[in-house]
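What follows is the residue order along each chain.
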Protein chains: 2
Amino acid sequence: MIAQWLCYNRSETFRGEQAQHKSMARRHNIDGRPTIAQIARIAGVSVPTVSKVLNGRADVSLPTREKVERIIEEYGFVRNRAARALRKGKTGLVDLLLPRLDDEYYLPILEGVAQVLREAGLRLVLTATDYKPEEEVRWITTVTDHSTDGILVVLPSERAIEQLERSGLPFVLIHNQGGLQATAPSVRITSWEGGFVATTYLLRLGHQRIAYIGKTSPARDAIERIAGYRAALDAAGLPLMPELECDGDFTEASGYQATLRLLELPEPPTAIFAGNDRQAAGVYRALHERGLAVPEQMSVVGFDNLPYTEIMNPPLTTIHAPRLELGRTAATMLLRLINGEQLEMPRVVLPTHLVERQSCSPPRQQQE
Amino acid sequence: MIAQWLCYNRSETFRGEQAQHKSMARRHNIDGRPTIAQIARIAGVSVPTVSKVLNGRADVSLPTREKVERIIEEYGFVRNRAARALRKGKTGLVDLLLPRLDDEYYLPILEGVAQVLREAGLRLVLTATDYKPEEEVRWITTVTDHSTDGILVVLPSERAIEQLERSGLPFVLIHNQGGLQATAPSVRITSWEGGFVATTYLLRLGHQRIAYIGKTSPARDAIERIAGYRAALDAAGLPLMPELECDGDFTEASGYQATLRLLELPEPPTAIFAGNDRQAAGVYRALHERGLAVPEQMSVVGFDNLPYTEIMNPPLTTIHAPRLELGRTAATMLLRLINGEQLEMPRVVLPTHLVERQSCSPPRQQQE
DNA sequence: AAAGAAATCGAAATCGTTTTCTACAAGAAA
DNA sequence: TTTCTTGTAGAAAACGATTTCGATTTCTTT
């Protein structure tokens, strides 16, 4: 982080000589910024003509255009966005609703959205709803007042979706939890496939007793992950082992506790598929406390591919959730909707994939 | 809400005597949301009266107020924010400029800003500048068009500060790198004290040879950290040990490399103060590769208190940088400025403190 | 009962831009 | 020359709210 401060400060040494704008404009306007009317008067043309120049319309002669452009440049004129928004009915803003801001999981989504919006010249309005549907609804209601061009909602509640559909605003859902039948534009990831791939990977290494943590959550993604796990076992001709399916609310603590319980089993698993990376961190902690080595005595697979999985010890093998693309895709779709276009693919699912690092190996009995 | 629009339109359709007015109003209102004018007509009052009710002004009689409020409620009216912004000169928006969005360091700052703005009923516009001064300047220029009420800039460049001061907009700087003489409103943390405390902590444990990683960065915070380290050594009557002051650009990789070099020294240190948590993660990796145990064979202290330091193995002792408060304080100050108040304390410095976990112990020779 | 004070309400102006829609000029076609 | 385009420019009307300020009405006071 501070690394970049370095080169950043370097380029600082070339201190750009900024063209100082004429202070004459001050005379005309109280807050110092000229309006179209003033520019028009100074240029000796009418207000609409200036507007036409600003908007690149054709019906302005070249000399007039150049004169107006010169004055605009000279006085450093920028048009009042509020007035423009009022007249055009567009605000240049897009709202993004996240459950939480202090959860690094959402960061790349935010980043992806920000990238696309920046390219499109739109500004990003960010709100955290703290996982409360009423907050979501409240926010959607308050931005229904022409103050946004479109909305992106991560993990929307049912109520939020209803409210969105009612509002008539363009919107795209990210990580929609809703039923499969929902028709609203949305972007998701292949959680089922991720669960399947992770489990299959462990099976291929020779593991037979593979635990899963995170059974309880009613969230769509969680349900898909465990379904993928079960399907992989099934495809390998193995029976389900209910004692190896642990509760877990996808926190570090629940990963820790689930692992302790698993280790007390008469026949503990040789591998743990930890539902997500946070739980995997808890798994590591429990294993370390009990003096068990990863991957020699226990293989571990995570899900999400959070940044810190790279610096875990050993680096965690995990399923990559393409969160940046989630954000980019959703934002791109929303831009289309705002533009009045139809989406040929309103419901997009982005692929996950396995990131192989050093937390897995064949089970001990096969190693020897 | 659509239900109400329905009945709204229905009642309009059946109102013959107001037909001419109605058709006009309908023609101009494409998206079906009522305007103040329509509410006023339905309530049988004037436009200003509705406005007064909306703004809680005193000169409206109770019966009138109640009637208008009922109609507003019934029709689910929300006022057009663009129109309001134009007239009042306030947008209800605050811009936050961050160097990057994918850096978890900034997350709590963002969270703190978001909290305060939410309480104040303002919306947060987020932009990443990618550490480029020209991006900062470009953004500041484009929001100078009355489209924001105030700006918060994290790690502002010199040029950005100049631009801000020229713009006349309210602004507060976070982590200002500038010289001590700068008078602009800003919030920082006590980096020097953090460096001093971390080093003193290690000295008290009995360490004599304490390394520091991150010498090279010209960033204000980095300079203060190493200055604190040196001052602590000095206060303990120890000489500076240049061979123990390592270069480092505050990435995981540089922590790793610096540690390898330190271990090759004829007399390696017994403790490493790692400049920041990311470098500490690299230190852990190098030590683990060389088979050295933390804290038994090497004590490590980080800086920042990133979330993952808690789940490092062992949990990292580090200096807490109060980033949430950084965001909250800056936002609170900005709110004051927007409100036209004077700041009695324009330049705030927030205290850091040591978070003691399990990565430090007395050096080996003293243990035995 | 008359006059003054206070409460209540609305007409009209305003914020700064965009969008018709009309007017006029110059050039092309008849 | 007359008529018809074509190209330019501007007058005026929105967009939807807030604010000012004058006009009523109601309430006190003497």
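Computed from a prediction, not measured in an experiment: that's the story for all the values here.

*Asks:* Would you mind going over the pairing of strand E11 (residues 347–350) of chain A in detail, with residue names and values included?
*Replies:* Successive side chains on a regular strand alternate, one facing one side of the sheet and the next facing the other. Residue and element names in this part refer to chain A. Only one face of E11 is covered, namely the face carrying Val 348 and Leu 350; the face carrying Arg 347 and Val 349 is uncovered. Note that strand E5 (residues 186–189) and E11 share four bridges and pair parallel. Bridge assignment links Ser 186 to a residue of E11, and that residue is Arg 347.

*Asks:* Break down the sheet that holds strand E2 (residues 123–128) of chain A for me, with residues and values.
*Replies:* Here 12 strands make up an open sheet; going across it, the order is E11(A)-E5(A)-E4(A)-E3(A)-E1(A)-E2(A)-E2(B)-E1(B)-E3(B)-E4(B)-E5(B)-E11(B) and the pairing mixed. A strand with exactly one partner marks an edge of an open sheet, and here the two such strands are E11 of chain A together with strand E11 (347–350) of chain B. Mean inter-strand twist for the sheet, computed between neighbouring axes without regard to direction, equals 20°.

*Asks:* Please provide a residue-by-residue account of the protein's contact with DNA strand C, values included.
*Replies:* If you check the shell around DNA strand C, you find 26 residues, and the closest are Ile 36 and Arg 84 of chain A together with Ser 61, Thr 64 and Arg 87 of chain B. Backbone atoms, meaning sugar and phosphate, form 64% of the atoms of DNA strand C found within 4 Å of the protein. One of the side-chain N or O atoms of Arg 79 of chain A is found 3.0 Å from a phosphate oxygen in DNA strand C. The backbone of Ser 46 of chain B places a nitrogen or oxygen atom 2.9 Å from a phosphate oxygen of DNA strand C. In terms of residue count, helix H6 (residues 81–88) of chain A provides more of the surface near DNA strand C than any other element does, four residues in total. Here the residues of the surface near DNA strand C are counted per class, giving 10 nonpolar, eight polar and eight charged.

*Asks:* Any details on the interface of chain B and chain A? Residues and values, ideally.
*Replies:* The partner chain A presents 60 residues to the 75 residues of chain B that form the contact. For the pair chain B and chain A, the summed buried surface comes to about 6000 Å²; carbon and sulfur atoms form 60% of the total. Applying the counting criterion to the chain B and chain A interface returns four salt bridges. Linking chain B to chain A there are 16 residue pairs in polar contact (both at pLDDT 80 or more). Of the residues in the side of chain B that touches chain A, the class split is 33 nonpolar, 16 polar and 26 charged. Bridge count for E2 of chain A against strand E2 (residues 123–128) of chain B is three bridges, and the pairing is antiparallel. Looking at the pairing, Leu 126 of chain A lines up with Leu 124 of chain B of E2 of chain B.

*Asks:* Explain the packing of helix H10 (residues 191–204) of chain B against helix H11 (residues 220–235) of chain B residue by residue, including any values.
*Replies:* Residues and elements named next belong to chain B. Contact geometry of H10 with H11 gives a least axis separation of 7 Å together with a crossing angle of 40°. Judged by the sense of rotation from one axis to the other, the crossing of H10 with H11 is right-handed. Contacts between H10 and H11 involve Ser 191, Trp 192, Gly 195, Phe 196, Thr 199, Thr 200 and Leu 203 from the first element and Asp 221, Glu 224, Arg 225, Ala 227, Gly 228, Tyr 229, Ala 231, Ala 232, Leu 233 and Ala 235 from the second. Class assignment of the residues belonging to the contact of H10 with H11 gives a composition of nine nonpolar, five polar and three charged.

*Asks:* Give a detailed account of H10 of chain B, specifying residues and quantitative values.
*Replies:* Its 14 residues place the ends of H10 of chain B 20 Å apart at the C-alpha level, agreeing with the 20 Å of an ideal helix rising 1.5 Å per residue. Positive phi shows up at Gly 206 of chain B, right after H10 of chain B, with a value of about 110°.

*Asks:* Go over the relation of the copies chain B and chain A, please, and point to the residues and values.
*Replies:* When chain B is fitted to chain A, the residual RMSD is 0.3 Å, and the transformation amounts to a turn of 180° plus an axial shift of 0.1 Å. Given the turn and translation reported, the copies of this chain are related as if by a two-fold rotation axis. Looking at the rotation axis and the C-alpha trace of chain B, the residue lying nearest is Val 125 of chain B, at 2.2 Å.

*Asks:* How would you explain the packing of aromatic side chains if you had to name every residue and give the values?
*Replies:* Residue and element names in this part refer to chain A. Enumeration over the complete set of coordinates arrives at 10 aromatic pairs over all chains. Site record: aromatic cluster; members linked through ring pairs are Tyr 212, Tyr 229, Phe 273 and Phe 303. Cation over ring: Arg 225 sits above Phe 303, and NZ or CZ is 3.7 Å from the ring centre. The ring of Tyr 105 carries the charged tip of Arg 323 above its face, separated from the ring centre by 4.9 Å.

*Asks:* Describe helix H7 (residues 107–120) of chain B, naming the residues involved and giving the relevant values.
*Replies:* All names here are of chain B. End to end, H7 covers 20 Å across 14 residues, agreeing with the expected 20 Å (1.5 Å per residue, within 8%). Of all the 14 residues making up H7, 11 are buried; the element is thus mostly covered by neighbouring parts of the structure. Looking only at H7, the buried set comprises Leu 107, Pro 108, Ile 109, Leu 110, Glu 111, Gly 112, Val 113, Ala 114, Gln 115, Val 116 and Leu 117. Phi turns positive, to about 75°, at Gly 121, one or two residues after H7.

*Asks:* Describe the environment of Pro 108 of chain B, naming the residues involved and giving the relevant values.
*Replies:* All names here are of chain B. Checked against the element boundaries, Pro 108 lands in helix H7. It is 8.6 Å that separates the C-alpha atoms of Pro 108 and Pro 322, two residues lying 214 residues apart in sequence. Discounting residues that sit within four places of it in the chain, Pro 108 has contacts with Arg 323 and Leu 324.

*Asks:* Go over the sheet that holds strand E8 (residues 271–273) of chain A, please, and point to the residues and values.
*Replies:* Residues and elements named next belong to chain A. Read from one edge of the open sheet, six strands run E7-E6-E8-E9-E10-E12, paired in mixed fashion. Edge positions in the sheet fall to strand E7 (245–246) and strand E12 (353–355), since each of these pairs with one other strand and no more. Of the strand pairs in this sheet, strand E6 (residues 210–213) and E7 are connected by two bridges, and their pairing is parallel. What sits directly across from Tyr 212, in E7, is Glu 245.

*Asks:* Describe empty space enclosed by the protein, and please don't skip the residues or the numbers.
*Replies:* For the structure on display, the rule yields seven cavities of 30 Å³ or more. Taken as a whole, the largest cavity spans an internal volume of roughly 180 Å³. Thr 91 and Leu 93 of chain A together with Ala 85, Thr 91 and Leu 93 of chain B are, among the 16 residues lining the largest cavity, the residues nearest its centre. Across the lining of the largest cavity, the residue classes break down as six nonpolar, six polar and four charged.

*Asks:* Tell me about the pattern of salt bridges, residues and numbers included.
*Replies:* Using the criterion set out here, one finds 40 salt bridges over all chains in the structure. Taking the shortest distance from any N to any O, the salt bridge between Glu 135 of chain A and Arg 138 of chain A comes out at 3.4 Å. With Glu 135 of chain A and Arg 138 of chain A both in helix H8 (residues 133–143) and three residues apart, this pair spans about one turn of that helix. We note a salt bridge from Arg 290 of chain B to Glu 289 of chain B, for which the minimum N-O separation is 3.9 Å. The partly exposed category is assigned to Arg 290 of chain B, whose relative accessible area is 46%. The structure contains a network of salt bridges with shared partners spanning Arg 100, Asp 102, Asp 130 and Lys 132 of chain A.

*Asks:* Explain unusual backbone geometry to me, using residue names and the numbers behind them.
*Replies:* The amide bond that connects Val 294 of chain A to the next residue, Pro 295 of chain A, takes the cis arrangement and shows omega of 5°. Its location among the elements puts Pro 295 of chain A in the loop between helix H13 (277–289) and strand E9 (299–304). The phi dihedral of Tyr 131 of chain B is positive, around 60°, even though this residue is not glycine. The phi torsion at His 175 of chain B lies on the positive side, around 60°, for a residue other than glycine. Checked against the element boundaries, His 175 of chain B lands in the loop between strand E4 (171–174) and strand E5 (186–189). Accessibility expressed as a relative area gives 1% for His 175 of chain B, which makes it buried.

Cut-offs and rules
Residues numbered from 1 in each chain as written. Chains lettered and ligands numbered in written order. Predicted model: local features only at pLDDT ≥ 70, side-chain atom pairs only at ≥ 80, totals over all residues. Heavy atoms only, no water. Buried < 20%, exposed > 50% of the residue type's maximum accessible area, 1.4 Å probe, protein only. Helix = DSSP H or I, 4+ residues; strand = E, 2+ residues; numbered from the N terminus. Pairing = 2+ DSSP bridges. Axes fitted to C-alpha atoms, helices over the stretch in contact; angles between N-to-C directions. Near = heavy atom within 4 Å. Polar contact = N/O pair within 3.5 Å; in protein donor to acceptor, adjacent residues only side chain to side chain. Nonpolar A, V, L, I, M, F, W, Y, C, P; charged D, E, K, R; others polar. Contact = heavy atoms within 4.5 Å. Buried area = accessible area lost by both parts, 1.4 Å probe. Salt bridge = Lys/Arg side-chain N within 4 Å of Asp/Glu carboxyl O. Left-handed = near helix turned anticlockwise from the far one by under 90°. Expected span 1.5 Å × (residues − 1). Least-squares fit on C-alpha atoms with pLDDT ≥ 70 in both. Phe/Tyr/Trp six-rings, centres within 6.5 Å; stacked < 30°, edge-to-face > 60°. Lys NZ or Arg CZ within 6 Å of the ring centre and 35° of its normal. 1 Å grid on protein atoms, 1.4 Å probe; cavity = no way out; pocket = protein on both sides within 12 Å on 5 of 7 lines; lining within 4 Å. Points joined across faces, edges and corners; volume = space filled by probe spheres on them.

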